[in-house]
Amino acid sequence: MTNVLVVDDDFMVAKVHSRCVSAMDGFTVVGVAHSGADALRAAERLRPDLVLLDVYLPDMDGLDVLRELRAAEALDADRPTADALFITAARDAGVVRAALRAGALHYLIKPFHQAALREQLRHVASLRTRFDALAVHGQARQEDVDQLFGTRPPGSRELPKGLAAHTAELVERTVRAHPEGLSATECAEAGALSRVSARRYLEFFAATGRAEVTLRYGGTGRPERRYRWVV
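Just so it is clear, the model here is predicted, and its values are computed rather than measured.

J.: Please set out the overall build of the protein residue by residue, giving values where relevant.
T.: Per the secondary structure count, the protein includes nine helices and eight strands. Its C-alpha atoms give the protein principal-axis dimensions of about 65 × 40 × 30 Å. By residue count, 42% of the 231 residues in the protein fall in the buried class. About 12700 Å² of surface is accessible on the protein, with carbon and sulfur atoms providing 53% of the total.

J.: Before we move on, could you go through the pattern of salt bridges and cite the residues and values that matter?
T.: On inspection of all chains with the given rule, the structure shows 20 salt bridges. Across the pair aspartate 8 and lysine 110 runs a salt bridge, and its minimum N-O distance is 2.7 Å. In this pair, aspartate 8 sits in the loop between strand S1 (2-7) and helix H1 (11-22) while lysine 110 sits in the loop between strand S5 (106-109) and helix H5 (114-137), placing the two residues 102 residues apart along the sequence. Lysine 110 matches aspartate 8 in its accessibility class, with the two residues each being buried. Between arginine 226 and glutamate 224 there is a salt bridge, with the nearest N and O atoms lying 3.0 Å from each other. Residue classification places glutamate 224 among the partly exposed residues on the basis of a relative accessible area of 27%. Through salt bridges that share partners, Glu44, Arg47, Asp76 and Arg79 make up one connected network.

J.: Please give an account of the pairing of S1 that cites residues and values.
T.: Remember that side chains alternate between the two faces of the sheet whenever the strand is regular. The element S1 is extensively covered by neighbouring structure, given that five of its six residues are classed as buried. The pairing of S1 with strand S2 (residues 27-33) spans six bridges and is classified as parallel. The partner of valine 4 across the bridge, within S2, is valine 29. Between S1 and its parallel partner S2, the chain crosses via H1, and the hand of that crossover is right-handed.

J.: So what about unusual backbone geometry? Which residues, and what values?
T.: Residue proline 111 follows lysine 110 across a cis peptide bond; omega there is -10 degrees. Along the chain, proline 111 falls in the loop between S5 and H5. A positive phi is found at arginine 47, a non-glycine position, where the angle reads about 50 degrees. Under the relative-accessibility criterion, arginine 47 is labelled partly exposed at 28%. Of note, the phi angle at alanine 192 is positive, near 55 degrees, even though the residue is not glycine. As for its placement among the helices and strands, alanine 192 is situated in the loop between helix H8 (184-191) and helix H9 (195-207). Alanine 192 gets classed as exposed once you look at its relative accessible area, which sits at 69%.

Conventions adopted
- Positions within a chain are numbered from 1, following the residues in the order the chain's sequence is written.
- Reporting of local features is limited, given that this is a predicted model, to residues whose pLDDT is at least 70; pairs of side-chain atoms are given and counted only at 80 or more, and all residues count toward the totals for whole chains, interfaces and linings.
- Side-chain numbers here rest on the full set of heavy atoms in the structure, without hydrogens or water.
- Starting at the N terminus, helices and strands are each numbered in turn, a helix being any DSSP run of H or I of at least four residues and a strand any DSSP run of E of at least two.
- When a residue's accessible area, from a 1.4 Å probe over protein chains only, is under 20% of the maximum for its type it is buried; when over 50% it is exposed; and in between it is partly exposed.
- To measure how exposed things are, a 1.4 Å probe is used in the Shrake-Rupley method; for residues, cover is taken only from the protein chains shown.
- Think of a salt bridge as a Lys or Arg side-chain nitrogen and an Asp or Glu carboxyl oxygen that are within 4 Å of each other.
- Between any two strands, pairing holds if DSSP finds at least two bridges.
- Looking down the strands as they point away from the viewer, one classifies a crossover as right-handed if the path from the first strand across the helix to the second runs clockwise.

Pasting the structure below:
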């Protein structure tokens, strides 16, 4: 279970983010803070695994919150390091760069579709799983490092022209519901879509690394392409 602290000065926005987190398997909201000082106190008390952090807070900006959080963690060897995901309306390039250098996992600019936040949460879960696996082995291979440092989920990337967000979510849910994999025809039947439409979305997910394709050889004709969600 990934414990999450939600930090946003807007009570309604914090509530929306909390609902989104709570709806995700493997995530739970352990606290909500509406100022930088409250966030630091909550982090000290709750020791969250992940902090959803706004830049614009009434007493200090989120960058300073993250810096102070890192300083507190450095002083306490027994204190686990919390990951940070910025969710903010701040668009200044300098702020984005500072967030990256402060150690943020990612940076979502408001407004955004809730699917982007869900994808980032899945990315966090994937990272935690990979780090746990590395801890068991004690050493990392270069391919392990490349996966951890070199891959970022497409998150806010826009869908290609002609693809709709609500249909993309439908296809994603359908593929996730079939961990053994499924064909475009099976996806179309399960999602009440045309085969051509389902195939377009499946191929988009495959091209962006969120689904993998395997070939199943049967009788005559071309092998069947099967899709499995991997993010």
